[in-house]
Amino acid sequence: MSGLARLLAGHTRPGVYRWNSAADVSTVRRAAEHAGWRFVALDTWKVDDKSGFLDSCEEAFDFPDWVGHNFDALSDALSDVRGHDGAGVLVVWDGWAPLARTHPRVFDVALSVFGDRVDFERGGPFAVVLQGPGPSDTDLPELDPHPT
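For clarity, every value in this text was computed on a predicted model and none was experimentally measured.

A. Focus on the side chain of Ser-56. Secondary-structure assignment places Ser-56 in helix H3 (residues 50–61). Contacts of Ser-56, omitting those with residues within four sequence positions, involve Leu-42, Asp-43, Thr-44 and Val-47.

Below is the structure:
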């Protein structure tokens with residue numbers, strides 16, 4: 001069972017993880033939905049600043065227009081993000097490495113905001129996986145990409 005499968009099955013605690021997997025988005029979406037989780041694809045390959053990151057989040061999570069455009073507003077909006085019927089929310093963040101390299105402070109704040117949502121117990125299970133390779137100094141736990 002891969003690290004992602006263990007997460008979706010409830011054998012790994014929801015959190016923010018690195019996941020060095022080449023799995024395509026449609027495969028991960030099917031696995032998450034099969035497990036009853038809501039799936040959110042966050043793609044920041046073309047993002048080069050804080051504003052672009054926030055734009056990508058607004059699009060990925062389909063936030064209403066009234067949500068502010070700053071990290072406090074993102075944090076507030078994420079507290080309302082729920083899975084279906086109490087199930088979890090899986091966010092697969094693809095393209096995280098460029099932001100981590102070019103804007104490490106923005107990246108660190110983004111990780112903190114996601115981490116706060118993971119810890120927000122009333123919101124239900126919430127997990128973020130940073131897919132693919134990137135800087136090795138992120139200090140995040142890794143999900144094993146290979147079945148055991």
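B. Expanded view of the nonpolar core. One finds Phe-53, Phe-61, Trp-93, Phe-114 and Phe-126 to be the most contacted residues of the largest nonpolar core, which totals 34 residues. For this core, the secondary-structure elements that each account for two or more residues are strand S2 (38–43), H3, helix H4 (71–78), strand S3 (89–94), helix H5 (96–102), helix H6 (104–119) and strand S4 (126–131). At seven residues, the largest contribution of residues to this core is made by H6. Beyond its immediate chain neighbours, meaning those up to four positions away, Trp-93 contacts Leu-42, Thr-44, Phe-53, Leu-99, Phe-107, Ala-110, Leu-111, Phe-114, Val-128, Val-129, Leu-130 and Gln-131.

C. Quick peek at the packing of H3 against H4. Between H3 and H4, the least distance of the axes is 11 Å, while the angle of their chain directions is 20°. Classed by the angle they form, the pair H3 and H4 counts as roughly parallel. When you trace H3 past H4, the crossing you get is left-handed. The residues of H4 that touch H3, namely those facing Lys-50, Phe-53, Leu-54, Cys-57 and Phe-61, are Phe-71, Leu-74 and Leu-78. Looking at side-chain class alone, the contact of H3 with H4 contains seven nonpolar, no polar and one charged residues.

D. Structural context of the packing of aromatic side chains. Evaluated as defined, the whole model comprises seven aromatic pairs. Both rings, one in Trp-93 and one in Phe-114, keep their centres 5.7 Å apart while their planes meet at 70°; by these two values the pair is edge-to-face. Taken together, the residues Trp-93 in strand S3 and Phe-114 in helix H6 connect sequence positions 21 residues apart. Judged on exposure class, the residue Trp-93 and its partner Phe-114 are both buried. Aromatic side chains Trp-96 and Phe-107 sit 5.7 Å apart centroid to centroid with 25° between the ring planes, which places their arrangement in the stacked category.

E. Inspection of the pairing of S4 at higher detail. Most of S4 is tucked away: six of the six residues are buried. By the alternation rule, side chains of S4 split into Phe-126, Val-128 and Leu-130 and Ala-127, Val-129 and Gln-131, which are all buried. One ladder, built from four bridges, connects strand S1 (residues 16–19) with S4; its direction is parallel. When the sheet's bridge partners are listed, Trp-19 is paired in S4 with Gln-131. Here S3 runs beside S4; their pairing, made up of six bridges, is parallel. Note on S4: the bridge partner recorded for Leu-90 is Ala-127.

What counts, and where the lines are drawn
- Residues numbered from 1 in each chain as written.
- Predicted model: local features only at pLDDT ≥ 70, side-chain atom pairs only at ≥ 80, totals over all residues.
- Heavy atoms only, no water.
- Helix = DSSP H or I, 4+ residues; strand = E, 2+ residues; numbered from the N terminus.
- Contact = heavy atoms within 4.5 Å.
- Core = buried A, V, L, I, M, F, W, Y, C linked by side-chain atoms within 4.5 Å.
- Buried < 20%, exposed > 50% of the residue type's maximum accessible area, 1.4 Å probe, protein only.
- Axes fitted to C-alpha atoms, helices over the stretch in contact; angles between N-to-C directions.
- Parallel < 35°, antiparallel > 145°, perpendicular 65-115°, else oblique.
- Left-handed = near helix turned anticlockwise from the far one by under 90°.
- Nonpolar A, V, L, I, M, F, W, Y, C, P; charged D, E, K, R; others polar.
- Phe/Tyr/Trp six-rings, centres within 6.5 Å; stacked < 30°, edge-to-face > 60°.
- Pairing = 2+ DSSP bridges.

That's the geometry; what it means functionally is another story.
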